[in-house]
Amino acid sequence: MPSSDPHPLLPTLQRIAEALERLAPPPPAHPSLEGADAFVWHPGEHGVPARLAPVARVAAVEIGLLQGVERQKALLLENTLRFAQGLPANNAMLWGARGMGKSSLVKAAHGVANAERPGSLALIEIQREDIRTLPELLNILREDRSGPLRGGRRCLVFCDDLSFEREDQDYKALKSVLDGGIEGRPANVLFYATSNRRHLMPRDMIENERSTAINPGEAVEEKVSLSDRFGLWIGFHNADQPTFFAMVEGYAAALELPIGAEELRRAATEWSVTRGGRSGRVAWQFILDLAGRLGVALPG
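Residues numbered from 1 in each chain as written. Predicted model: local features only at pLDDT ≥ 70, side-chain atom pairs only at ≥ 80, totals over all residues. Heavy atoms only, no water.

Points about helix 9 (residues 261–275)
Then, number 1: With 15 residues, helix 9 should cover 21 Å at 1.5 Å per step; its first-to-last C-alpha distance of 21 Å lies within 8% of that length.
Then, number 2: Considered for burial, the residues of helix 9 that qualify are L264, A267, A268 and S272. End-on, the buried residues of helix 9 take up no more than an arc of 135 degrees, which puts them together on one face. The exposed residues of helix 9 that point more than 90 degrees off its buried face are E262, R266, V273 and T274.
Then, number 3: As for helix 9, its buried residues are in contact with helix 8 (241–254) and helix 10 (280–294).
Then, number 4: One or two steps after helix 9, the chain reaches G276, where phi turns positive at roughly 75 degrees. (Helix = DSSP H or I, 4+ residues; strand = E, 2+ residues; numbered from the N terminus. Expected span 1.5 Å × (residues − 1). Buried < 20%, exposed > 50% of the residue type's maximum accessible area, 1.4 Å probe, protein only. Arc of directions from axis to C-beta. Contact = heavy atoms within 4.5 Å.)

As structure tokens, then:
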């Protein structure tokens, strides 16, 4: 009769199998929206899985410190708060002059929404060069169900300084995503972008299409129609002298800088002349320099 004893090599084989299991890397975790209110999107490449890296603290400016953009603040804040409440809202394009607070306003509006409704809104930053991976990101967000609202946590996908160059084809992917394609844009996602260009394309690229295409009108329309996918357009313009003074005075008051109004304006004017322009960024750089000279530390 055949022996019923186990094969003598079986315990050894079992130990080898268990050791191999311990050495094998664990399966990659599915990207999650838990544990933070802001994330940076890192698409998978070269065998590294895609992930949403949590941001412990967003580098944001208090919305009340953003001066000279009152209308822009009202428009974006209303749109963002509606979205955080689960109501319909629009994708938004913030375009125009450099340094006037476009990206600061997006981050500030996100902060206000989460202050009013804690945890309701996740801010997800995507880099310009990763725009082609937007469909992958949206599929992840579509499947997420970690939020308090039915349909998943509300997400603002944000791309700063978005633009496209002559041979760049990523704009076609973005057009499809903004329209939703065959699947439709997830109800829990909005897309916010900032750009110095109103139509996201360089002027010479648009003019070249007009001069070389068989049907110039259709060729140009293909390029500029991308910006039409944004339901909300918010323009930013260069700051005049009163607006620039309002910016530096607002910052100086918030930081309690020990300086008189006349001296502050004189120093701010000199700074703006040396920088060759006036903007919110120039105002903040001036305040940083002034606070250092006055020995005032910025809040942590």
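Description of the pattern of salt bridges
Then, number 1: Following the criterion strictly, the structure yields 5 salt bridges and no others.
Then, number 2: Its salt-bridge partner being E78, residue R82 comes within 3.3 Å of it at the nearest N-O pair. One end of the pair, R82, and the other, E78, are both in helix 2 (residues 70–84), 4 residues apart, so they sit about a helical turn from each other.
Then, number 3: On the basis of relative accessibility, which here comes to 29%, the residue R82 falls in the partly exposed class.
Then, number 4: The residue D289 makes a salt bridge to R293 at a minimum N-O spacing of 2.8 Å. Placement of the pair is D289 and R293 together in helix 10, with a separation of 4 residues, close to one helical turn.
Then, number 5: The exposure class assigned to D289 is partly exposed, which follows from its relative accessible area of 30%.
Then, number 6: Residue classification places R293 among the exposed positions, given a relative accessible area of 54%. (Salt bridge = Lys/Arg side-chain N within 4 Å of Asp/Glu carboxyl O.)

Concerning helix 8
In an α-helix, one turn spans 3.6 residues; hence positions three or four apart end up facing the same way.
Then, number 1: Counted at 1.5 Å a residue, the expected span for helix 8 with its 14 residues is 20 Å, and the 20 Å between its end C-alpha atoms agrees.
Then, number 2: Listed as buried for helix 8 are T243, F244, F245, M247, V248, G250, Y251 and A252.
Then, number 3: Elements in contact with the buried residues of helix 8: helix 9 and helix 10.
Then, number 4: Following helix 8 by one or two positions, E256 adopts a phi angle in the positive range, close to 55 degrees.

Here's the deal with the confidence of the model for the chain
Then, number 1: Looking at the chain as a whole, the pLDDT averages 82, with 74% of positions reaching at least 70.
Then, number 2: Helix 6 (residues 203–212) is the least confidently modelled element of the chain, averaging 50 in pLDDT, while helix 2 averages 96, the highest of any element.
Then, number 3: Taken together, the stretch residues 147–151 has pLDDT below 50 and engages in 9 contacts with residues farther than four places along the chain or on a different chain.
Then, number 4: Confidence drops under a pLDDT of 50 for residues 209–216, and excluding neighbours within four residues, the segment shows 7 contacts in the predicted structure. (pLDDT = per-residue confidence, 0-100.)

A closer look at unusual backbone geometry
Then, number 1: A positive phi is found at D161, a non-glycine position, where the angle reads about 60 degrees.
Then, number 2: Here D161 lies in the loop between strand 5 (154–159) and helix 5 (170–179).
Then, number 3: One non-glycine residue, E256, lies in the positive phi region at around 55 degrees.
Then, number 4: Tracing the backbone shows E256 in the loop between helix 8 and helix 9.

Some remarks on the sheet that holds strand 2 (residues 51–54)
Then, number 1: Pairing is mixed across the open sheet formed by 7 strands, whose spatial order is 2-1-4-5-6-3-7. Strands at the two margins of the open sheet, each flanked by one partner only, are strand 2 and strand 7 (232–236). Across the sheet, the axes of successive neighbouring strands diverge by a mean angle of 25 degrees, strand direction being ignored.
Then, number 2: Where helix 2 meets the sheet, it contacts strand 3 (92–96), strand 4 (121–125), strand 5, strand 6 (189–195) and strand 7, and its direction lies at approximately 150 degrees from that of strand 7.
Then, number 3: Where helix 3 (residues 102–116) meets the sheet, its contacts fall on strand 3, strand 4, strand 5, strand 6 and strand 7, and the angle it forms with strand 4 comes to roughly 155 degrees. (Pairing = 2+ DSSP bridges. Axes fitted to C-alpha atoms, helices over the stretch in contact; angles between N-to-C directions.)

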